[in-house]
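Each chain, written out:
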Amino acid sequence: MAEADPSGARERLAAGQAALLAALVDGGPDPAGFDQGALDATRRALLDKRRGDVARRWPALAAEPGFAGSFRAWAAGRPTEGSYADGLAFGLAHGADLSTDARRELLRARAQRRRFAVLVDRGDGRTLVALRAPVLGTVIPR
């Protein structure tokens, strides 16, 4: 009796898993042999989980009208970088359409990643300015 090649089987399994993962979260082509309905349902579930994670991290952004659908369309085919980075990238991509509260939330997050900062956001006709310095912290005057 001939022994099976375990390394070849492992390599095929790893390649199949990588193809499935790419199809589900990176916008890769659907791998052969999978039910299309199951793949679509899994994609939706993963996007909804990702949207929920972003919503918990970015509550003002998630409160925007149409956030769920806009985020799903934006995130489809983009690999996740975590809820912080996903929310920031989504917010910056949609900045012109955001409310003052969501813009303030994004501005505060951007400022907090720096020791000293003066950041300006001129969206929706209203200018927001964020100031950040040690001792002062982050201040966004109303």
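Just above, that's the structure.
The present account deals with the structure reproduced in this document. Quantities reported herein were computed from a predicted structural model and do not represent experimental measurements.

## Remarks on the sheet that holds strand S3 (residues 137-139)
Right, on to step 1. Read across the sheet, three strands follow the order S1-S2-S3 without closing on themselves; strand pairing throughout is antiparallel. Two strands lie at the open edges of the sheet, namely strand S1 (117-121) and S3, each paired on one side alone. The mean angle between the axes of side-by-side strands here comes to 15°, regardless of whether they run parallel or antiparallel.
Right, on to step 2. In this structure, S1 lies alongside strand S2 (residues 128-133), joined through five bridges in antiparallel fashion. When the sheet's bridge partners are listed, Asp121 is paired in S2 with Leu128.
Right, on to step 3. Seen against the sheet, helix H6 (residues 100-112) touches S1, S2 and S3 and runs at an angle of roughly 25° to S2.

## Things to note about the nonpolar core
Right, on to step 1. Judged by nonpolar contacts, the single largest core of 15 residues is most densely connected at Trp58, Leu61, Phe67, Phe71 and Phe90.
Right, on to step 2. For this core, the secondary structure elements donating two or more residues are helix H2 (36-57), helix H4 (67-75), helix H5 (83-93) and H6.
Right, on to step 3. Excluding residues that lie within four positions of it along the chain, Phe90 makes contacts with Leu61, Phe67, Ser70, Phe71 and Trp74.
Right, on to step 4. Judged by nonpolar contacts, the second largest core, of seven residues, contains Leu107, Ala117, Leu119 and Leu128.

## Topic: unusual backbone geometry
Glycine aside, residues mostly have negative phi angles, and peptide bonds mostly take the trans form.
Right, on to step 1. Positive phi, normally seen in glycine, also occurs at Val135, with a value near 75°.
Right, on to step 2. With respect to the helices and strands, Val135 occurs in the loop between S2 and S3.

## What about the pattern of salt bridges?
Right, on to step 1. Counted by the stated rule, this structure contains nine salt bridges.
Right, on to step 2. With its nearest N and O atoms 2.9 Å apart, the salt bridge here joins Arg43 to Asp40. Here Asp40 and Arg43 lie together in helix H2, a separation of three residues that amounts to about one turn.
Right, on to step 3. What makes Asp40 partly exposed here is its relative accessible area of 28%.
Right, on to step 4. Taking the shortest distance from any N to any O, the salt bridge between Asp101 and Arg104 comes out at 4.0 Å.

## Some thoughts on H5
Right, on to step 1. Every buried residue of H5 is listed here: Tyr84, Asp86, Gly87, Leu88, Phe90 and Gly91.
Right, on to step 2. Against the buried residues of H5 lie H2, helix H3 (59-62), H4 and H6.

## Concerning the packing of aromatic side chains
Right, on to step 1. Applying the stated criterion to the full structure yields six aromatic pairs.
Right, on to step 2. Taking 5.5 Å as the distance between ring centres and 35° as the angle between the ring planes, the aromatic pair formed by Trp58 and Tyr84 counts as tilted. Of this pair, Trp58 sits in the loop between H2 and H3 while Tyr84 sits in helix H5, and the two are 26 residues apart along the sequence. The burial state of Trp58 is the same as that of Tyr84; both residues are buried.
Right, on to step 3. Each ring, one from Phe71 and one from Trp74, has its centre 5.7 Å from the other, and the planes form 40°; the classification is tilted. Of this pair, Phe71 and Trp74 are both found in helix H4, three residues apart, which corresponds to roughly one turn of the helix. Comparing Phe71 with Trp74, the two get one shared label, buried.
Right, on to step 4. Members of the aromatic cluster, connected to one another through ring pairs, are Phe67, Phe71, Trp74 and Phe90.
Right, on to step 5. In this arrangement the basic side chain of Arg57 is found over the ring face of Trp58, its NZ or CZ atom lying 4.7 Å from the centre.

About the thresholds
Numbers given to residues run from 1 along each chain, matching the order in which its sequence is written. Local features in this predicted model are restricted to residues of pLDDT 70 or higher, and side-chain atom pairs are both shown and tallied only at a pLDDT of 80 or more, whereas totals for entire chains, interfaces and linings draw on every residue. Values shown for side chains rest on all heavy atoms present in the structure; no hydrogens or waters enter the calculation. Strands are labelled as partners when DSSP assigns at least two bridges between them. Where helices and strands are cited, they refer to DSSP runs of H or I of at least four residues and of E of at least two residues respectively, numbered from the N terminus. A fitted line through C-alpha atoms represents every axis, and for helices the fit uses only the stretch in contact; the resulting angles, taken between N-to-C directions, go from 0 to 180 degrees. Residue contacts follow a heavy-atom distance rule, with two residues in contact if any of their heavy atoms lie within 4.5 Å. Buried Ala, Val, Leu, Ile, Met, Phe, Trp, Tyr and Cys residues form a nonpolar core when they are joined through side-chain atoms within 4.5 Å. Think of it in three bands: with a 1.4 Å probe and only protein chains considered, a residue is buried below 20% of the maximum accessible area for its type, exposed above 50%, and partly exposed in between. The term salt bridge refers to a side-chain nitrogen of Lys or Arg lying within 4 Å of a carboxyl oxygen of Asp or Glu. Only rings of Phe, Tyr and Trp enter the pairing, Trp through its six-membered ring, and a pair is recorded when the two centres are within 6.5 Å. The plane angle decides the type: under 30 degrees is stacked, over 60 is edge-to-face, the rest tilted. For a Lys NZ or an Arg CZ to count as sitting over a ring, it must be within 6 Å of the ring centre and within 35 degrees of the ring normal.

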